[in-house]
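Residue-level structure breakdown
Now for the letters of each chain:
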Amino acid sequence: MSGSGDTVRQEQGGPDSELRYRRVAAELREAIIAGEYATGAKLPPEGTLAERYGVSRGTIRHALAVLRSDGLVTSRRGTRRTVLGGPRAQSFSELLSFTNWARSIGETPGGRVDRVTRRPAEPFEAGQLGLEAGAEVYLVLRLRTLSGKPVMVERSLYPARVGALVAGLPPDVVSHTEALVTHGVLLTDADHTIDLAWADADDARLLDCPPGQVLLRERRRTTDPEGVPVEWSEDRYLPGTIAFTVHNSVAASTLGRRHRPGTATPGAQV
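Residues numbered from 1 in each chain as written. Predicted model: local features only at pLDDT ≥ 70, side-chain atom pairs only at ≥ 80, totals over all residues. Heavy atoms only, no water.

**Side note on the overall build of the chain**
The test is simple: Helical segments are the DSSP runs of H or I of at least four residues, strand segments are the runs of E of at least two, and each set is numbered from the N terminus. Burial status follows relative accessibility: with a 1.4 Å probe on protein chains alone, a residue under 20% of its type maximum counts as buried, one over 50% as exposed, and anything between as partly exposed. Any two residues having at least one pair of non-hydrogen atoms within 4.5 Å are treated as being in contact. Using the Shrake-Rupley algorithm and a 1.4 Å probe, accessible areas are obtained, with residue cover drawn only from the displayed protein chains.
A tally of regular secondary structure across the chain gives 10 helices and eight strands. Taking all 270 residues of the chain together, 40% fall into the buried category. Sequence separation of 24 or more characterises 59% of the internal contacts of the chain that already satisfy a separation of 6 or more. Total accessible area on the chain is roughly 15,100 Å²; 51% of this is exposed by carbon and sulfur atoms.

The structure is reproduced here in structure tokens:
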């Protein structure tokens, strides 16, 4: 017989079943982040979602379980899931420390240093910090929280002159950046790379997540006003806790200015 029953059996037993529910979860997560489902709103019934995504109700239930574990929807069975809220959005239009960003959105930032390691820099690390190979660096492993909830593990690598200052701070100081400013160390410019990483033993322990959990990763190289590297950081966020936004404009594009009607680029042949 053909029909929905065949679809259920195929999805439950087929090799792509896990990919299906994770795909649906990812699309629902994107819809919540984009504001399609506002905080407090009800998600459509399982049957409606199943029809929309072309999958079985079992696949929808698996997808909703993922969103529930991410803290995006309620977990009450037998009722339509309610959206608890999307990830907090952090813009890259200006350079803000985690502490200042959290305060700007009404959250209470927190931090706790897990350990500080002083060791020679690996070749890649030395390159990021503009140091000679084998120069001394400080690696600071730190848990960051929003309103008491763990959201991110921070791995910050500092040259010795800066790392020694951080190592002398109390383990639970809220902002290392603010403390460094008092010592004349300014973090003014940064380059960011966003990708994914898999939770290692430290991430799993500090974030209370399974080893191998997919995490949102931001790698950041920060310099002072003179362009001297001050920090190389790798931050790993639990999924569903934060989103990054970037504003682009054609007005700021050289290509856009060059082809704007009625204008000519200096030095260009007209």
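**Overview of helix H3 (residues 46–53)**
Operational definition: In this description, the arc belongs to the directions extending from the helix axis to the C-beta atoms.
Listing the buried residues of H3 in full gives Glu 46, Leu 49, Ala 50 and Tyr 53. Along H3, the residues classed as buried sweep out an arc of 100° about the axis, all on the same side. Downstream of H3 by a residue or two, Gly 54 has a phi angle that is positive, lying close to 70°.

**Quick notes on the nonpolar core**
Definition in use: Nonpolar core, defined: a set of buried Ala, Val, Leu, Ile, Met, Phe, Trp, Tyr and Cys residues in which side-chain atoms within 4.5 Å join the residues together.
In this structure, Val 24, Leu 28, Ile 32, Tyr 37, Tyr 53, Ile 60 and Leu 67 are the most contacted members of the largest nonpolar core, which totals 20 residues. Looking at this core, the elements with two or more residues in it are helix H2 (17–33), H3 and helix H4 (57–69). The element best represented in this core is H2, accounting for six residues. Contacts of Ile 60, omitting those with residues within four sequence positions, involve Val 24, Glu 46, Leu 49, Ala 50, Tyr 53 and Val 55.

**Overview of the pattern of salt bridges**
Rules: By salt bridge we mean one thing: a side-chain nitrogen of Lys or Arg within 4 Å of a carboxyl oxygen of Asp or Glu.
Tallying each qualifying case throughout the model produces 22 salt bridges. Measuring nitrogen to oxygen at the nearest pair gives 3.7 Å for the salt bridge that ties Glu 46 to Arg 81. Residue Glu 46 is found in helix H3, and its partner Arg 81 is found in the loop between H4 and strand S1 (88–91); the two are separated by 35 residues along the sequence. Both residues of the pair, Glu 46 and Arg 81, belong to the buried class. Between Arg 142 and Glu 154 there is a salt bridge; the shortest N-O distance is 3.3 Å. One end of the pair, Arg 142, is in strand S3 (residues 136–146); the other, Glu 154, is in strand S4 (residues 149–159), and 12 residues separate them in sequence. Taken individually, Arg 142 and Glu 154 each receive the classification buried, so the pair is uniform in this respect. Linked through salt bridges whose partners overlap, the residues forming this network are Arg 155, Asp 195, Asp 200, Asp 203, Arg 217, Arg 219, Glu 234 and Arg 236.

**Digging into the sheet that holds S3**
The following threshold applies: Between any two strands, pairing holds if DSSP finds at least two bridges. Lines fitted to C-alpha atoms define the axes, with helix axes restricted to the stretch in contact, and inter-axis angles between N-to-C directions lie between 0 and 180 degrees.
A sheet is described by the order of its strands in space; here six strands give the open sequence S2-S3-S4-S7-S6-S5, paired in antiparallel fashion. Two strands lie at the open edges of the sheet, namely strand S2 (109–120) and strand S5 (189–198), each paired on one side alone. On average, each strand axis in the sheet is inclined to that of its neighbour by 20°, with strand direction left out of account. The sheet contact formed by S4 and strand S7 (residues 229–237) spans six bridges and is antiparallel. Pairing of Leu 157 across the sheet is with Trp 232, part of S7. Sheet contacts for helix H7 (residues 160–167): S2, S3, S4 and S7; angle to S4, the most-contacted strand, approximately 140°.

**Here's the deal with the environment of Pro 170**
Within the element layout of this structure, Pro 170 appears in the loop between H7 and helix H8 (176–182). Look at Pro 170 and you get partly exposed, because its relative accessible area is 46%. Linking Pro 170 and Arg 112, residues 58 residues apart in sequence, is a C-alpha distance of 8.9 Å.

All quantities given are derived from atomic positions and should not be read as evidence of function.
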